[in-house]
Amino acid sequence: MRFRHPDGSTVHLAYCTNVHPAETLDGVLAQLRDHCEPVRRRLGRDRLGIGLWLARDAAHTLVTDPSALRGLRTELEHRGLEVVTLNGFPYEGFGAEEVKYRVYQPDWADPERLAHTTDLARVLAQLLPDDVTEGSISTLPLAWRTAYDQERATAAHTALTTLAERLDALHELTGRFLRIGLEPEPGCTVETTRDALAPLTAIGHDRIGICVDTCHLATSFEDPHTALDALAQARVPIVKSQLSAALHAEHPHLPEVRAALAAFDEPRFLHQTRTLTAAGLRGTDDLGEALTGDALPDTSPWRAHFHVPLHAAPAAPLTSTLPVLRAALARLVGGPHPLTHHLEVETYTWQALPPELRPRARAQLVDGIAAELTLARDLLTDLGLKELP
């Protein structure tokens, strides 16, 4: 979906396909047929933006087989879909029964991460619509915090510098300007936007910026205006923003609140949980750890890294951090000029929701994704953007 900002520029809105498990190119093509095109039709749109997640095997096939890449582009056009952004965070296995810490491997100190992201950039340069010259790729924020010493930090810095040089060369070759955004996430070496300032400033290249995920922003109790102002002051480019909402518990000491949270403690994904105390941010790596014993103080609200559907906050006594998303979006695109032109709805946890909230059929998932995009569209038009055909 495209929108015209009052300054005349185009803002792109997509939804991320990491909600649909697929490791191979055939799986990606099935996603387009079974999910993406039906979402477009449900919205009554001639064109729909999708943020493709391409696992290692799918990306490798596309970059080594020009006919396969041409076929994917043809299929996108046939189904009324367009791609200006990729989700390069998960490497493989995101549809596994247990993902947890595996999603952070390989990290930016490992050669496989540089090779995979280079493949993604080469693919994206060929998938961009003819009238679009700028593309974006989100990626993990360097590494998970453990086992990340100075040697690995140096290796990660070198890898990102090498990637920037490759993106420069790709620009010369194709005319497509591609950028990579580190996506701060709780528990990682870059957990907050503040944590991103030093490494991104050290790299100092306009190809390498930040991806602001509003669920992660909220989970770490960051104030959107403060965070985005600091990025602007440091001249860190906001490559893209993922529109998502975290799980919020206002009174975690109450038994009924604990019971409601326990329904979201599931075995597939990591749900880092945080609370803001007088001494600063406190947290656990997963929701279950917070609910067990006294690992996390419960005198202040808790937030958990669980991407809940934008249009459907959990029932009381829980809620979502949609107000944080609204505030961030107003700052991102509500000013005289957009701080980013790429927005992506990223609720990948539909099948991890409590059983009574999960879509029971493909059509229900299509309805849910369409409802999220409708909410995002309404937020954008309320900010003065005009939806384009």
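The paragraphs below set out a description of the structure included in this document. None of the values given here were measured: they were computed from a predicted structure.

Here the focus is the nonpolar core. With 112 residues, the main nonpolar core has Leu13, Tyr15, Ile50, Leu54 and Leu373 as its most contacted residues. Among the elements that line this core, the one with the most residues is helix 12 (residues 362-382), at nine residues. Non-local contacts of Leu54, meaning those with residues more than four positions away in its chain, are made with Val28, Ala59, Leu62, Leu86, Asn87, His116, Leu120 and Val123.

Looking now at the side chain of His248. With respect to the helices, strands and loops of the structure, His248 is situated in strand 9 (residues 245-249). Reaching out from His248, the side chain makes a polar contact with the side chain of Glu250 at a distance of 2.7 Å. Among the polar contacts listed, one links the side chain of His248 to the side chain of Arg303, at a separation of 3.1 Å.

How two aromatic rings sit relative to each other is set out by the distance from centre to centre and by the angle between their planes. Applying the stated rule across the entire model yields eight aromatic pairs. Measuring from ring centre to ring centre gives 4.7 Å for Tyr104 and Trp144, while their planes differ by 35°; the resulting arrangement is tilted. You can see Tyr104 sitting in the loop between strand 4 (81-87) and helix 4 (111-127) and its partner Trp144 sitting in the loop between strand 5 (134-139) and helix 5 (150-174), a full 40 residues away along the chain. Each member of the pair, Tyr104 as well as Trp144, carries the same accessibility label: buried. Judged by centre distance (5.2 Å) and plane angle (90°), the rings of Phe264 and Phe306 are edge-to-face. Taken together, the residues span a long stretch of sequence, with Phe264 in the loop between helix 9 (255-262) and strand 10 (273-277) and Phe306 in strand 12 (residues 302-308) at a distance of 42 residues. As far as burial versus exposure is concerned, Phe264 and Phe306 are alike and both buried. Here the aromatic cluster, defined as three or more aromatic residues joined through ring pairs, consists of Trp53, Phe94, Phe269 and Tyr348.

Next up on the list: helix 8 (residues 224-233). Side chains that are three or four residues apart share a direction in an α-helix, a result of its 3.6 residues per turn. Looking at helix 8, one finds that the buried residues are Pro224, Ala227, Leu228 and Leu231. Looking straight down helix 8, one finds that the buried residues subtend no more than 90° of arc, so they occupy a single side. On its buried face, helix 8 sits against helix 6 (193-203), strand 7 (208-213), helix 7 (214-219), strand 8 (238-243) and helix 11 (322-333). Arg235 sits one or two residues past helix 8 and shows a positive phi near 60°.

Here the focus is the environment of Cys36. Secondary-structure assignment places Cys36 in helix 1 (residues 25-43). The spatial distance from the C-alpha of Cys36 to the C-alpha of Thr381 is 23 Å, given a sequence separation of 345 residues. Ignoring anything within four residues of it in the chain, the contact list for Cys36 reads Tyr15, Thr17, Gln31, Leu48, Ile50 and Leu81.

What follows concerns the pairing of strand 4. Counting buried positions along strand 4 yields seven of seven residues, so the element is predominantly enclosed. Both strand 3 (residues 48-53) and strand 4 contribute to a ladder of five bridges, which runs parallel. Looking at strand 4, one finds that Trp53 is bridged to Asn87. Where strand 4 meets strand 5, three bridges bridge the pair, whose relative direction is parallel.

The next thing to look at is the pattern of salt bridges. Applying the stated rule across the entire model yields 24 salt bridges. Between Glu92 and Arg56 there is a salt bridge; the shortest N-O distance is 3.3 Å. In this pair, Glu92 sits in the loop between strand 4 and helix 4 while Arg56 sits in helix 2 (residues 56-64), placing the two residues 36 residues apart along the sequence. Under the relative-accessibility criterion, Arg56 is labelled partly exposed at 34%. Between Asp298 and Arg258 there is a salt bridge, and its shortest N-O distance comes to 3.0 Å. Taken together, the positions of Asp298 in the loop between helix 10 (287-291) and strand 12 and Arg258 in helix 9 put the pair 40 residues apart, joining distant regions of the chain. By relative accessible area, Arg258 is classed as buried at 18%. A single salt-bridge network, built from bridges that share partners, covers Glu37, Arg40, Arg41, Glu75 and Arg79.

What counts, and where the lines are drawn
Every chain begins its residue count from 1, and numbering advances along the sequence as written. For a predicted model such as this one, the threshold for reporting local features is a pLDDT of at least 70, and the threshold for listing and counting side-chain atom pairs is 80 or more; totals across whole chains, interfaces and linings nevertheless cover every residue. Based on all heavy atoms of the structure, the side-chain values leave hydrogens and waters out of the count. Think of a nonpolar core as a cluster: buried Ala, Val, Leu, Ile, Met, Phe, Trp, Tyr and Cys residues, connected wherever their side-chain atoms sit within 4.5 Å. Burial classes follow relative accessibility: with a 1.4 Å probe on protein chains only, a residue under 20% of its type's maximum area counts as buried, one over 50% as exposed, and anything between as partly exposed. By the criteria applied, helices consist of DSSP H or I runs no shorter than four residues and strands consist of E runs no shorter than two, each listed in order from the N terminus. Two residues qualify as a contact provided that any one of their heavy atoms is within 4.5 Å of a heavy atom in the partner residue. In protein, a polar contact means a hydrogen-donor-capable atom and an acceptor-capable atom, both N or O and within 3.5 Å, with residues adjacent in sequence counting only if both atoms are side-chain atoms; elsewhere, any N or O pair within 3.5 Å suffices. Ring geometry is summarised as follows: Phe, Tyr and Trp rings, the Trp one being its six-membered ring, pair when their centres sit within 6.5 Å, and such pairs are stacked at plane angles under 30 degrees, edge-to-face over 60 and tilted between the two. Directions from the helix axis toward the C-beta atoms define the arc. In this analysis, strands are considered paired if DSSP registers two or more bridges between them. Whenever Lys or Arg places a side-chain nitrogen within 4 Å of a carboxyl oxygen from Asp or Glu, that contact is recorded as a salt bridge.

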